[in-house]
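The lines below spell out each chain.
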Amino acid sequence: MKKSKITHEAQFVDWEHIRRKNNVIFNEVLAKCEEKRIRHIMGFRHGWNKEIIAQFYATVFFGHLESDRAMFWMTEEQKYHITFSNFVSLLRLGTADIDLPKLHDAGVLETREMHFMYPRNMRGSWEKVNGLYSYFGLLNRLFRKTSTPRDGNTSDVTLFQRNLMAAMRPGAPQFSVGDFIWQEIKNVSENPQKICSYSPYIMFMIWKVTGIKFPNDVKHMPLRPPKTGHLDYHL
């Protein structure tokens, strides 16, 4: 019997590879990810231990500690927690991130609101990966292995990945990167059918909170997409 997958096969974006390609779309995506303060988290590299991650998701719950949101879990036989403000600090997102708009507050972006991601002649492709402008197509490819890990349906842009891609639209306001990752971990924890995701960030957090550096059995591999086509979306 084939053993089911425990954790998502996350990758980290090799931004040096992106920069060396000196491709117009690569350059635009790099610049926008830098502007939105998400570049660091997408390029974050850290291996993980599948059993430690599985135990985290089996025990984690979300609540409050004093006046701050908090995440509580068990590692081996011990209970641990982290507040949202400390989570943001741990991921080096800056204290200002805490008070920025939260992408999850508005609910999943509706299909009709995705129209700007597609050429006018692709109206029937809204929510589909096929047909995206090259700029959004590259973002989709990078996000699926980093900030919005997806192993299942690869033909559609689903759930809050839509909101994240919309937040990369020119002129869109800044948003809380820390809250996005926090809420996505919460969503995974509340859906037992979902594969364990965000392993690099969680494993790093567990190390820093527990003070124990557990051996990793999964190597975090780089994501190096091939050069894409011409810029067909005006930023």
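Refer to the structure presented above.
Rules used throughout
Residues numbered from 1 in each chain as written. Predicted model: local features only at pLDDT ≥ 70, side-chain atom pairs only at ≥ 80, totals over all residues. Heavy atoms only, no water. Axes fitted to C-alpha atoms, helices over the stretch in contact; angles between N-to-C directions. Helix = DSSP H or I, 4+ residues; strand = E, 2+ residues; numbered from the N terminus. Parallel < 35°, antiparallel > 145°, perpendicular 65-115°, else oblique. Left-handed = near helix turned anticlockwise from the far one by under 90°. Contact = heavy atoms within 4.5 Å. Nonpolar A, V, L, I, M, F, W, Y, C, P; charged D, E, K, R; others polar. 1 Å grid on protein atoms, 1.4 Å probe; cavity = no way out; pocket = protein on both sides within 12 Å on 5 of 7 lines; lining within 4 Å. Points joined across faces, edges and corners; volume = space filled by probe spheres on them. Pairing = 2+ DSSP bridges. Phe/Tyr/Trp six-rings, centres within 6.5 Å; stacked < 30°, edge-to-face > 60°. Buried < 20%, exposed > 50% of the residue type's maximum accessible area, 1.4 Å probe, protein only. Lys NZ or Arg CZ within 6 Å of the ring centre and 35° of its normal.

Concerning the packing of helix H2 (residues 24–35) against helix H6 (residues 134–143)
Two measures define how a pair of helices packs: the angle their axes make with one another and the distance between the axes.
Right, on to step 1. Relative to each other, H2 and H6 sit at 60°, their axes nearing to 10 Å. Put simply, H2 runs oblique to H6. Of the two possible hands of crossing, H2 and H6 adopt the one that is right-handed. In this structure, H2 uses Ile25, Phe26, Glu28, Val29, Lys32 and Cys33 to contact H6, whose residues at the interface are Ser134, Tyr135, Leu138, Leu139 and Leu142.
Right, on to step 2. Tallied by class, the residues present in the contact of H2 with H6 amount to eight nonpolar, one polar and two charged.

Focus: the layout of surface pockets
The gaps left among the atoms become clear once a water-sized probe is rolled over them.
Right, on to step 1. There is about 310 Å³ of room inside the largest pocket.
Right, on to step 2. Residue lining of the largest pocket: 15 residues in total, with Pro149, Arg150, Asp151, Leu159 and Lys194 positioned closest to the centre.
Right, on to step 3. A class-by-class count of the residues in the lining of the largest pocket yields six nonpolar, five polar and four charged.

Looking at empty space enclosed by the protein
Right, on to step 1. Within this structure, the stated rule accounts for one cavity of 30 Å³ or more.
Right, on to step 2. In this model, the largest cavity occupies a volume close to 70 Å³.
Right, on to step 3. Lining of the largest cavity is provided by 13 residues; of these, Ala10, Lys145, Thr146, Pro200 and Tyr201 occupy positions nearest its centre.
Right, on to step 4. At the level of elements, strand S1 (11–13), helix H3 (39–42) and helix H9 (199–210) are the ones that each hand at least two residues to the lining of the largest cavity.
Right, on to step 5. Of the residues belonging to the lining of the largest cavity, the class tally is nine nonpolar, three polar and one charged.

Here we look at the packing of helix H4 (residues 50–59) against H9
Right, on to step 1. Where H4 contacts H9, the two axes come as close as 10 Å, and the packing angle between them is 90°. When the interaxial angle is binned, H4 and H9 end up roughly perpendicular. In this structure, H4 uses Ile52, Ile53, Phe56 and Tyr57 to contact H9, whose residues at the interface are Ser199, Ile202, Met203, Met205 and Ile206.

Side note on the pairing of strand S4 (residues 78–83)
Right, on to step 1. Pairing between strand S3 (residues 68–75) and S4: six bridges, direction antiparallel. Within S4, the residue paired with Ala70 across the bridge is Thr83.

Remarks on the sheet that holds S3
Right, on to step 1. Strand order across the open sheet formed by three strands is S2-S3-S4, with antiparallel pairing between neighbours. Looking along the sheet, the strands with just one partner apiece sit at the ends: strand S2 (61–65) and S4. The average angle at which neighbouring strand axes cross in this sheet is 35°, direction not considered.
Right, on to step 2. Pairing between S2 and S3: five bridges, direction antiparallel.

Some points on the packing of aromatic side chains
Right, on to step 1. As enumerated under the stated definition, the model contains 13 aromatic pairs in all.
Right, on to step 2. Pairing Tyr135 with Phe136 gives two aromatic rings, centres 5.0 Å apart and planes at 80°, and the pair type is edge-to-face. Taken as a pair, Tyr135 and Phe136 share a single burial class, namely buried.
Right, on to step 3. Among the aromatic residues, ring-to-ring pairing joins Phe44, Tyr198, Tyr201, Phe204 and Trp207 into one connected group.
Right, on to step 4. Between Lys208 and the ring centre of Trp207, over which it is positioned, the NZ or CZ distance is 4.2 Å.

These results come straight from atomic positions and should not be treated as a statement about function.
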